[in-house]
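# Observations on the three-dimensional arrangement
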Amino acid sequence: MANIDIPSEVPVRYLPRSRNASTLIGALFFVGLAAFVIRLRQDPDSAWISYVSNWLYFTSISIGGVLFAFVTWITKAKWNWSMRRVSQSFAAFLPISFVLLLPMLLFLREDYFPWIEMMATDAIVQEKAAYLNIPFLVARNLVAVLLLFGMALYFVYHAVRPDMGLTRGADGGDPAREAWRERLTQGWMGQEQEEVNSYKRMTTIAPAFVIVYALVMSIIVYDWVMTLEPHWYSTMIGPWFFMGAFWGGIASTALWSLYLRTQDKEFKNHIGLQQRHDIGKLAFAFSVFWTYLFFGQYLVIWYGKLPWEQAWMVRRSDPESWGPYSLLVIVMCFVIPFAGLLGRKPKMKPKLLAFFTSVIVIGLWLERYGMMAPSLWHEGDPIFTIWQPLIGCMFLGLYLGAVRWFLTTFPAMQIWQPMGDPETIEVELAAAE
Amino acid sequence: MSNATKDPIVRGALAHPDVTRLDDVNRDVLKVLATPGKGWWALFSLASLGLVVFFTSWGWQLYRGIGVTGLNAPVGWGVYITTFVFWVGIAHSGTLISAILFLFRAPWRQAIYRAAEAMTVFAVMTAGLFPLIHVGRLWHAYWLIPYPNSRFLWPNFKSPLVWDVFAITTYFTVSATFFYLGTIPDIAAARDRATGLRKKLYQVISMGWRGTDQQWHHFGKAYIFLAALATPLVLSVHSVVSWDFAVSIVPGWHTTIFAPYFVAGAIYSGVAMVITLVVPIRKVFGLEAYLTTKHFDAMAKLCLLTSMIVGYAYMSEFFMAWYSGEEIERTAFWNRLFGTYWWATWIMLTCNMFVPIMLWFKRVRYSIPALFVISIFVNIGMWFERYVIVVTSLHHEYEPFAWGIYRPSLTEMGILLGSFCWFSFWFLLFTRLLPPIAIQELKEVLPPPMRKQKEAHS
């Protein structure tokens, strides 16, 4: 059994602020926004496809990263102590994601959801009217997403709060950090009590979050992907989507952590061999798992050969249109990460790990688009245009900005480490009750 | 206490607060192998009696033909396939606990993994009998094995039943090897205390283990490699079993989530079976200090997680059946809930989804009697899950004229009962022959016998 050393005093370190980074992020956002506006005038359908697929992707990796924080919390993992905050920081994108969801719910109607028009004539779609209708769609998306994001933010709030007491005077007198400390430490009960309180609340909410995650992510993928081909259905699409999101969260955590290493000596020391090896193993394992889920769905549909079921696969594997694209997704999500991360060295060497996790992150971005876009594709349309990444820039800018803001405002390594010894914490909790 | 916990090596001491010396481990665990008590003989006689029932029923079926079962059109797969899938499922948690939890560095596994692995091997041995029973003409069973026979006929490689042969034989080979490898140091420990014939046997099967540095080095390497190789197998075996059903277009079978759903269900039933088996072992052999409530708590959490995955699969199946808008799909699932076999479905839902809700409470997870009862519910529920999948789907397929009812015959019940006895027979023998707790891994987490340590404790 490996022995994980958590230093008794974790250094207080923030991601350094950088004007260049902010400029770049701002530029990305405005380029993306401009691209979306231009595209909306040219070809609104395609603009919205790009919008939704990017929303799906960035929401996936953000909530997947937060899920990773939850899961390592539930399992009392110690190895990722220096990367916990990185996974938590993705929660900063969630409020933005919620705002970005609103236009989708407000403006997307007949042009996006084929079932609206089919409802008039198609007998099978009429059978689904209780689920496929706009009021219910809007209501369930709002409620589900609010619940999921709310729980995530609640967890992250409790993870950050005890750190606020420990960083007093160690934050370099930064006014923004000070302001957030004021905000987060209302009703402060004292350091020890705060840690016990946070531990309790995080531990209580964590299993519930996992359930809500599975359900809400299923609803999201049903509504924004599956129902776009109203005759098609697959019970696997939910797990495939939310496990992919989890994987994306893990890979992004690895990438951000590797980025932090380049920014400060303390990060470099503490995001060490053990951490890289372990997160590399997870990135590898989930690549295999992604392929397993993908193949599990594919095989059953291929073998069953039911017309309404295989239509979805046929569309995506047609060598004339989407076939090469789907193949590219498989190469990026399975072949390269599998071959690359199989060995021990690539998991440990920061540059190699960064390369392969980047492949995963880009592969998943392509995958999310390939999940939904072919359903709305018509003969003669281009498969992939430059607008897709251009509009993606808007989301990328917001995501990078949100995570960067979080890591510059709050300590980028969690300072209180209750998992240093879960057993003692339990004893303390029992004593506190 | 807080001082001791600063040293990570003492972590195991917290998990086993009553075991303080390494000598105790050998003594306590190896005493299990001593002369058996009355309780063991009673159980062993019962299992042997069950074996008589098993072979009598099977012999009767061989003599009279497969007609003595309730199998007929349209339900050609009944209790046999149900029980086959059940035992393959049971076989999963062993390798999960020994390989996957090993890779995930979950330290609580060391107390239970030996028993879980043994269970795996015997469960596969039990499951492997069912295709032989089910084919009816046992003397033709070798046809399952792909080889170019005299007429150059090969089995159909597109048939998932052939995949099954490969998946299960691979799984059996790897899990048996893994099981054996892990026991070698412990067999050597047993060898050093045994006398007579037993000593001879242990001498042979411990393969000259001396505990040298080099041997440990090789052992460690081999163990981690096998663990990594066994991990995908845990997922692949039951996925292939699930495809026996899912790749067909029988309503109720043909659904994409089957592979992960079956794997989760298999781990679920397997962990429940570990609880069922380990509770009596702990009691009878006085191993309370080694199998603490913490271990049971961890197993219960694993059960809870897999129960929720299974629950998710049930719900998504029911939802999709409705959402599909297909009359056939909808009828199949409606029939499952409210048709002839409604009772089987509700047993399944109650045992697998509703009863485990109790595991949310810490009090229940820390109560061994409660866990024992829940684990039995889960075992029953998981058997019925397969029964529901096999029978309700087949008896009510597409054409109404081809609907029918299946009732298992006495012979089938005899074989079902007998399979439990066959399994118990081997498992009971195992508890006499091999240390049921991994001595060497237990010692790894206990405080090493050093003078410094002694002072820290006093």
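Residues numbered from 1 in each chain as written. Chains lettered and ligands numbered in written order. Predicted model: local features only at pLDDT ≥ 70, side-chain atom pairs only at ≥ 80, totals over all residues. Heavy atoms only, no water.

Before going further, it helps to examine the overall build of chain B. Tallying secondary structure elements over chain B gives 18 helices and zero strands in all. A compact globule built from 458 residues should have a C-alpha radius of gyration of about 23 Å, and chain B, at 23 Å, falls within 12% of that. Judged by the C-alpha coordinates and their principal axes, chain B covers about 80 × 50 × 40 Å. For chain B, the residues scored as buried account for 58% of the 458 residues in total. Relative to all contacts within chain B whose residues are 6 or more apart in sequence, the contacts with residues 24 or more apart total 81%. Accessible surface, chain B: about 19900 Å² in total, of which carbon and sulfur atoms supply 70%. (Helix = DSSP H or I, 4+ residues; strand = E, 2+ residues; numbered from the N terminus. Rg over C-alpha atoms; globule rule 2.2 N^0.38 Å. Buried < 20%, exposed > 50% of the residue type's maximum accessible area, 1.4 Å probe, protein only. Contact = heavy atoms within 4.5 Å. Areas by Shrake-Rupley, 256 points an atom, 1.4 Å probe, with all protein chains shown as cover.)

Each helix and strand in chain A was counted, giving 18 helices and zero strands. Relative to the compact-globule value of 22 Å for 433 residues, chain A shows a C-alpha radius of gyration of 22 Å, a close match. When the backbone C-alpha atoms are referred to their principal axes, chain A occupies close to 65 × 45 × 45 Å. When burial is assessed residue by residue, chain A has 58% of its 433 residues classed as buried. The long-range fraction of contacts in chain A, counting pairs at least 24 apart against all pairs at least 6 apart in sequence, stands at 84%. Accessible surface, chain A: about 16900 Å² in total, of which carbon and sulfur atoms supply 65%.

Interpretation of this model should avoid reading the predicted coordinates in detail wherever pLDDT is low. Residues and elements named next belong to chain B. The share of residues in chain B with pLDDT of 70 or more is 93%, and the mean pLDDT across the chain is 86. Ignoring residues within four places in sequence, the model shows residues 1–13, a span with pLDDT below 50, making 16 contacts including any to other chains. Here the predicted complex carries an ipTM of 0.92, next to a pTM of 0.92. (pLDDT = per-residue confidence, 0-100.)

On the surface, I211 and L215 of chain A together with W334, F338, W342, W343, W346, F354, I357, M358, W360 and F361 of chain B cluster together to form a nonpolar patch covering roughly 1300 Å² of accessible area. At the level of secondary structure, the elements contributing two or more residues to the nonpolar patch comprise α9 (191–224) of chain A together with α12 (327–338) and α13 (342–354) of chain B. The element contributing the most residues to the nonpolar patch is α13 of chain B, with four residues. Along the polypeptide, W360 of chain B turns up in the loop between α13 and α14 (362–365). According to the relative accessible area criterion, W360 of chain B is partly exposed, its value standing at 33%. (Patch = residues over 30% accessible without salt bridge, like charges linked within 9 Å, V, L, I, M, F, W, Y side chains within 5 Å. Salt bridge = Lys/Arg side-chain N within 4 Å of Asp/Glu carboxyl O.)

On to the side chain of Q88 of chain A. Take Q88 of chain A: it is sitting in helix α3 (residues 84–89). Beyond its immediate chain neighbours, meaning those up to four positions away, Q88 of chain A contacts V66, A69, V156, A159, F406 and Q414 of chain A.

A few words on helix α11 (residues 293–324) of chain B. Side chains of residues three or four places apart in an α-helix project in the same direction, reflecting 3.6 residues per turn. Residues and elements named next belong to chain B. The first and last C-alpha atoms of α11 sit 45 Å apart over 32 residues, in line with the 46 Å expected at 1.5 Å per residue. Of all 32 residues making up α11, 23 are buried, and the element is well covered by its neighbours. Two residues or fewer past α11, G325 is found with a positive phi of approximately 75 degrees. (Expected span 1.5 Å × (residues − 1).)

This part covers the nonpolar core. Grouped together as the largest cluster of nonpolar side chains are 304 residues, with contacts concentrated most on Y213 and W224 of chain A together with F245 and F427 of chain B. Residue contacts for F245 of chain B: discarding those within four places in its chain leaves W77, I81, V85, W253, F258, F262, I389 and V390 of chain B. (Core = buried A, V, L, I, M, F, W, Y, C linked by side-chain atoms within 4.5 Å.)

Before going further, it helps to examine the packing of helix α6 (residues 113–134) of chain B against helix α7 (residues 160–191) of chain B. All names here are of chain B. With their axes 10 Å apart at the nearest point, α6 and α7 run at an angle of 145 degrees to one another. α7 is crossed by α6, and the crossing has left-handed handedness. Where α6 abuts α7, its residues Y113, R114, E117, A118, T120, V121, V124 and M125 lie against I168, Y171, F172, S175, A176, F178, F179, G182, T183 and D186. Taken together, the residues that form the contact of α6 with α7 break down as 11 nonpolar, four polar and three charged. (Axes fitted to C-alpha atoms, helices over the stretch in contact; angles between N-to-C directions. Left-handed = near helix turned anticlockwise from the far one by under 90°. Nonpolar A, V, L, I, M, F, W, Y, C, P; charged D, E, K, R; others polar.)

Contact with chain B, which involves 42 residues of that partner, is made by 51 residues of chain A. Carbon and sulfur atoms make up 67% of the area that chain B and chain A hide from each other, which totals about 4000 Å². Taken as a group, R105, T256 and Y323 of chain B account for 20% of the area that chain B buries against chain A, more than any other trio of residues on that side. At the boundary of chain B with chain A, the tally comes to two salt bridges. For R105 of chain B, the salt bridge goes to D278 of chain A, with nearest N and O atoms at 2.6 Å. (Buried area = accessible area lost by both parts, 1.4 Å probe.)

All names here are of chain A. A contiguous patch of negative charge, built from D45, E110, D111, E117, E320, E379 and D381, is present on the exposed surface. In this structure, E379 sits in the loop between α16 (350–372) and α17 (387–409). E379 gets classed as exposed once you look at its relative accessible area, which sits at 73%. (Lys, Arg positive; Asp, Glu negative; His and termini not counted. Charge placed at Lys NZ, Arg CZ, Asp CG, Glu CD.)

This part covers the state of the cysteines. All names here are of chain B. By the definition in use, this model includes zero disulfides over all chains. Distance from the sulfur of C303, which forms no disulfide, to the nearest cysteine sulfur (C351) is 13 Å. Note on C351: relative accessible area 5%, which makes it buried. (Disulfide = S-S within 2.5 Å.)

Time to look at the pattern of salt bridges. A full pass over the atoms with the stated rule returns 20 salt bridges over all chains. Notably, a salt bridge pairs R161 of chain A with E194 of chain A, separated by 2.7 Å at the nearest N-O pair. Pair noted here: R161 of chain A is in helix α7 (residues 134–166) and E194 of chain A is in helix α9, with a separation of 33 residues, a long-range link. Overall, R161 of chain A belongs to the buried group, its relative accessible area being 6%. The residue E317 of chain B makes a salt bridge to R336 of chain B at a minimum N-O spacing of 3.9 Å. One end of the pair, E317 of chain B, is in helix α11; the other, R336 of chain B, is in helix α12, and 19 residues separate them in sequence. By the burial criterion, E317 of chain B is buried, and R336 of chain B matches it.

Let's shift gears to the packing of helix α5 (residues 79–103) of chain B against helix α9 (residues 213–246) of chain B. For any two helices packed against each other, the geometry is given by the interaxial angle and the distance between the axes. Residues and elements named next belong to chain B. The N-to-C vectors of α5 and α9 enclose an angle of 155 degrees; their axes lie 9 Å apart at closest approach. The orientation of α5 with respect to α9, classified from their angle, is roughly antiparallel. In this structure, α5 crosses over α9, and the sense of that crossing is left-handed. Of α9, the residues touching α5 (which contributes I81, V85, V88, G89, H92, T95, L96, S98, A99, I100, F102 and L103) are Y223, I224, A227, A228, A230, T231, V234, V237, H238, V241 and F245. For the contact of α5 with α9, the residue count by class is 17 nonpolar, six polar and no charged. (Parallel < 35°, antiparallel > 145°, perpendicular 65-115°, else oblique.)

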